[in-house]
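Remarks on the overall topology
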Amino acid sequence: MMKAFDRVSWPFLRAVLDRFRFLVALINLVMNTLEATQLSVLINGVSCGFFQPTRGVKQGDPLSPLLFILASESLSCSLILKMGTGKLAPYSSRINCPIATHLAFADDIVIFVNGSSDGKPKRHWVTWRKVCLATNKGGLGVRCLASIQDACSAKLHFNFLKGGTLWSSYMHTRYLDVATRQIGSLTWRRMQFLKDFVEDNISTSSGVLVWTPSVYDSFTFSSAYDSLRPKAGRCLSSSSVRGDLIPAKISMFMWRLLRKLLPFPNILESFGFSLPSICLLCKSASASLEHCVHQCCFA
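The model shown is predicted, which means the values in this text are computed figures rather than measured ones. (Residues numbered from 1 in each chain as written. Predicted model: local features only at pLDDT ≥ 70, side-chain atom pairs only at ≥ 80, totals over all residues. Heavy atoms only, no water.)

**A few points about the environment of S47**
Heads up, the condition is: What counts as a helix is a DSSP run of H or I of at least four residues, what counts as a strand is a run of E of at least two, and both are numbered from the N terminus. Each residue is assigned to one of three classes by its accessible area relative to the maximum for its type, calculated with a 1.4 Å probe on protein chains only: buried under 20%, partly exposed between the two thresholds, exposed over 50%. Working rule for contacts: check all heavy atoms of both residues, and any pair within 4.5 Å makes them a contact. Whenever a nitrogen or oxygen atom comes within 3.5 Å of another N or O atom, the pair is scored as a polar contact, on the condition that within protein one atom can donate a hydrogen and the other can accept it, and that pairs from neighbouring residues in sequence are kept only if both atoms are in side chains.
Topologically, S47 is positioned in strand β2 (residues 46–51). Residue classification places S47 among the partly exposed positions, given a relative accessible area of 39%. C-alpha of S47 to C-alpha of F219: the two residues are 172 residues apart in sequence and 51 Å apart in space. Once residues lying within four places of it in the same chain are set aside, the contact partners of S47 are S40, V41 and L42. Separated by 2.5 Å, the side chains of S47 and S40 make a polar contact.

In structure tokens:
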């Protein structure tokens, strides 16, 4: 929940407090405290007047975390209600396992959902693999969950080979028999799946197992993940749309623009949509991406 404190709606917060049956006097006191907030913007170190916000709770106020938790509790209740009424399907798990709808901690929340296929064609702007590429490779730098899992399994296998711990001794004893290794646990099978990768990236120095992708010789998760994550050639445009002085939303817009991932009529046609295609500014050409951002006299 990005920038959650700044996005709490005041009318919604009042409705939540009323729903939880807080005293009207207490609700008015809390809301009056929020509505009395005045903000000012400094330009070149000089205050340019004050204005009143319309949402958000105060940063640093000891009451703010409590108000935020109450507001986010409504999301939890809504998810549970939707599950109970059958409007949302619970996450598939083993029989007799507790049903998990979501996990929440501080201002982070993980919602469990199931994929479904109704036979209709699915539309995606870009593949997940491209999204997970490093930013200098033309991606968004999003962590690939499959690669994270593989890196964790590689770490377990490296520690298994290195030995010297109670866990490694147990695993060596547990899977000493070849027949047992073939029908091992899910963790063991994942370790075996990364066996070749680990063995190709280790060496021995003075009897000590060394992890070669790391400059520190010891196993590091980051080096394993970098070796396992999706790969691509270096993207020359990445340095021009990303930087410390470029806002993230501008970088994201330019990333989508350069890959023609914006909902212009000519692009949406590839998804099977037929939309009016006339530039609303000059009204003399089709509203294609090239026209709107480059060729239009108002661009």
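**Examining the packing of helix α1 (residues 10–19) against helix α2 (residues 24–35)**
Two quantities define a packed helix pair, namely the angle between the axes and the distance from one axis to the other. Definition in use: To define axes, lines are fitted to C-alpha atoms, for helices over the stretch in contact only, and angles between the resulting N-to-C directions are given on a 0 to 180 degree scale. Roughly parallel means an angle under 35 degrees; roughly antiparallel means over 145; roughly perpendicular covers 65 to 115; every other angle is labelled oblique. It is the rotation of the near helix from the far one that decides the hand of a crossing: anticlockwise by less than a right angle makes it left-handed, clockwise makes it right-handed. Three categories are distinguished: nonpolar for Ala, Val, Leu, Ile, Met, Phe, Trp, Tyr, Cys and Pro, charged for Asp, Glu, Lys and Arg, and polar for the others, with Gly belonging to the last.
Relative orientation of the contacting elements α1 and α2 amounts to 165°, with a least axis distance of 10 Å. The orientation of α1 with respect to α2, classified from their angle, is roughly antiparallel. Here α1 runs over α2; the crossing is right-handed. Facing α1, whose interface residues are W10, L13, R14, L17 and D18, α2 presents I27, N28, V30, M31, L34 and E35. Residue composition of the contact of α1 with α2, by class: seven nonpolar, one polar and three charged.

**Focus: the packing of aromatic side chains**
Selection rule: Ring pairs are drawn from Phe, Tyr and Trp, using the six-membered ring of Trp, whenever the two centres fall within 6.5 Å, and their geometry is named by plane angle: stacked under 30 degrees, edge-to-face over 60, tilted for the rest. Charge-over-ring contacts are defined here by two conditions on Lys NZ or Arg CZ: a distance within 6 Å of the ring centre and an angle within 35 degrees of the ring normal.
Applying the stated criterion across every chain, the model contains seven aromatic pairs. Consider the rings of F158 and W211, whose centres lie 5.9 Å apart with planes at 75°: the pair is edge-to-face. In this pair, F158 is assigned in helix α5 (residues 145–162) and W211 in strand β6 (residues 208–211), connecting sequence segments 53 residues apart. With a relative accessible area of 0%, W211 lands in the buried category. Centre to centre, the rings of F221 and Y225 are 6.3 Å apart; their planes meet at 15°, and the pair counts as stacked. One end of the pair, F221, and the other, Y225, are both in helix α10 (residues 221–228), four residues apart, so they sit about a helical turn from each other. Exposure remark for Y225: the relative accessible area of 2% places this residue in the buried category. Ring-pair connections join several aromatic residues into one group, and the members of that group are F158, F197, W211 and F219. Just above the ring of Y225 sits the side chain of R143; from NZ or CZ to the centre is 4.5 Å. Seen from the ring of W125, R256 lies directly overhead, with NZ or CZ sitting 5.8 Å from the centre.

**Comments concerning the pattern of salt bridges**
So the rule is basically this: One speaks of a salt bridge when a side-chain nitrogen belonging to Lys or Arg is within 4 Å of a carboxyl oxygen belonging to Asp or Glu.
In the structure shown here, the tally under the stated rule is one salt bridge. Measuring nitrogen to oxygen at the nearest pair gives 3.3 Å for the salt bridge that ties E290 to K260. Of the two residues, E290 is situated in helix α14 (residues 289–295) and K260 in the loop between α12 (248–258) and α13 (265–268); the sequence distance between them amounts to 30 residues. Among the residues examined, E290 registers a relative accessible area of 29% and is labelled partly exposed.

**Notes on unusual backbone geometry**
Trans is the prevailing form of peptide bonds, just as negative phi is the prevailing case for residues other than glycine. Residues other than glycine seldom take positive phi values, yet R21 does so here, at roughly 65°. Locating R21 in the fold gives a position in the loop between α1 and α2. With a relative accessible area of 75%, R21 lands in the exposed category. Even without being glycine, K260 reaches a positive phi, approximately 55°. On the basis of relative accessibility, which here comes to 47%, the residue K260 falls in the partly exposed class.

**Looking at a nonpolar patch on the surface**
To keep it simple, the criterion reads: Patches here are clusters of residues that have more than 30% relative accessible area and form no salt bridge, with a 9 Å joining cutoff for like charges and a 5 Å cutoff for nonpolar side chains (Val, Leu, Ile, Met, Phe, Trp, Tyr). Areas reported here follow the Shrake-Rupley algorithm with a probe of radius 1.4 Å; residue values treat only the protein chains shown as occluding.
On the surface, a nonpolar cluster with roughly 490 Å² of combined accessible area is contributed by F20, F22, L23, L26 and L29. When you line up the elements, F20 lands in the loop between α1 and α2. Relative accessible area serves as the criterion here: at 38%, F20 is assigned to the partly exposed category.

**Description of the side chain of S251**
By the secondary structure assignment, S251 is in helix α12. Once residues within four sequence positions are removed from consideration, S251 is found in contact with V241, R242 and I246.

**Let's talk about α5**
Our working definition: To estimate the expected span of a helix, count its residues, drop one, and scale the result by 1.5 Å.
Look at α5: 26 Å from first C-alpha to last across 18 residues, which is about the 26 Å you get at 1.5 Å a residue. Every buried residue belonging to α5 is among S147, A151, S153, A154, H157, F158 and F160, and all of these are buried. Of the surrounding elements, those touching the buried residues of α5 are α6 (166–174), α8 (186–193), α9 (195–200), β5 (202–205), β6 and α10. In the stretch just after α5, G163 is the one whose phi turns positive, near 70°.

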